[in-house]
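# A closer look at the structure
Chain by chain, the residues run as shown.
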Amino acid sequence: MKHNHRYRLVFVLGLFLCLICFWANLSVGSVNIPFKEVIGRFFGYQFSKASWETIVMEYRLPKAFTAILAGISLSLSGLQMQTFFRNPLAGPFVLGISSGASLGVAILIMAGSAFGWSLYSGGIGVWAIIMAASAGAIMVLLLVSLIAWRVKDSMTLLIVGLMFGSAVSAVISVLAYFTEAEQLKLFTVWSMGSLGSTQTDQLFGFGLATIIGTIPILVMLKSYNAMLMGEAYASSMGVNINRLRWGMIISTGVLAGTATAFCGPIAFIGIAVPHIARLVFKTGDHRILFPASALSGAIILLVCDAFSQLPGSAQTLPINAVTSLVGAPMVIWLILRRNFSKEF
């Protein structure tokens, strides 16, 4: 009972912090809007300047919701992969899903320049990139699923996923070598990640995909704790290993693939956030860790996005760079912890 009370208290504080970060995300940027004006807008009051309405409602609000959805998706998929492989440094992209999405976008943007035929022009817009990234992620997910059907060993699947990622990166490098500077710059900018490219009408698709990717977690929630002890132990406890493996792969593919399609590659959130949730909530119970990781991921990505805005400046840092600056020290610290292995 004492632990349950503590969990509830931490969750309430986390939700309050998430709400504060959400409001702050709407307030800061190249144009700093007073905090009370932002809050008042959602209680029916109008902004004192008409331009603030456009800035908040058409740009910052979709970006803030995108940060929340991406933080949830990457954190949940990262926790699943760390449980699946029983590896504390596994992330949502170890199966090559992100690399597949990158390949789809690389083909769309750079293949025409490299091989002399045209697929992409600047007028096609964001939806073309989203569809190309989704197609690439789905392709790799299908290949990994086919291998998972034939290979029952998790570590073998991890190696295959890493090899997929390496092979795809090599193909992208070849395309980049032959492409023209303009198309190469477009792809480079996409690969830096962005939370601001998702428009209001695209949020429904992003949110729906996130819900679909979360369903396998909710259905099989009780089985994840047994998985930490190994597949043999989980099987002896009555867990359907094949069903759990497929659920993890599909859920991770949908969550990580969708986040990459809408936002580009975002580093370290999926690796670092599950560990932050373990440290804050002091538990290895996945019934607590999954909502804790989702909440922590949303908060951290909102904070990173606020920093990337460089408040008061017209410049914006790539979100991938900011998350790496935050996440890399966290992962290094986790590696150096003497009691690191006790979490698993």
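A quick note: this is a predicted structure, and the numbers were derived from the prediction, not measured. (Residues numbered from 1 in each chain as written. Predicted model: local features only at pLDDT ≥ 70, side-chain atom pairs only at ≥ 80, totals over all residues. Heavy atoms only, no water.)

Per the secondary structure count, the chain includes 14 helices and zero strands. Order of helices (α) and strands (β) in the chain, N terminus to C terminus: α-α-α-α-α-α-α-α-α-α-α-α-α-α. Compactness check: the chain gives a C-alpha radius of gyration of 21 Å against a globular reference of 20 Å for 344 residues, within 12% of the reference. Dimensions of the chain along its principal axes, counting C-alpha atoms only, are 65 × 60 × 35 Å. (Helix = DSSP H or I, 4+ residues; strand = E, 2+ residues; numbered from the N terminus. Rg over C-alpha atoms; globule rule 2.2 N^0.38 Å.)

In this section: the nonpolar core. Of all hydrophobic cores here, the largest spans 94 residues; its most connected members are F85 and L95. The element contributing the most residues to this core is helix α3 (residues 50-85), with 14 residues. (Core = buried A, V, L, I, M, F, W, Y, C linked by side-chain atoms within 4.5 Å. Buried < 20%, exposed > 50% of the residue type's maximum accessible area, 1.4 Å probe, protein only.)

This part takes up α3. Here α3 spans 52 Å end to end across 36 residues, near enough to the 52 Å set by a 1.5 Å rise per residue. Where α3 bends most, the angle comes to about 40°, and this point is R60, followed within four residues by the proline P62. Counting buried residues along α3, 26 of its 36 residues qualify, which places the element largely inside the surrounding structure. Count one or two residues on from α3 and you reach R86, which has phi positive near 50°. (Expected span 1.5 Å × (residues − 1). Bend = angle between axes of the 7 residues up to and from the residue.)

Turning our eyes to something else, we now look at the confidence of the model for the chain. On average, residues of the chain score 83 in pLDDT, and 92% of them reach the 70 mark or higher. The lowest-confidence element of the chain is helix α10 (residues 231-236), averaging 77 in pLDDT; the highest-confidence one is helix α13 (residues 286-308), averaging 92. (pLDDT = per-residue confidence, 0-100.)

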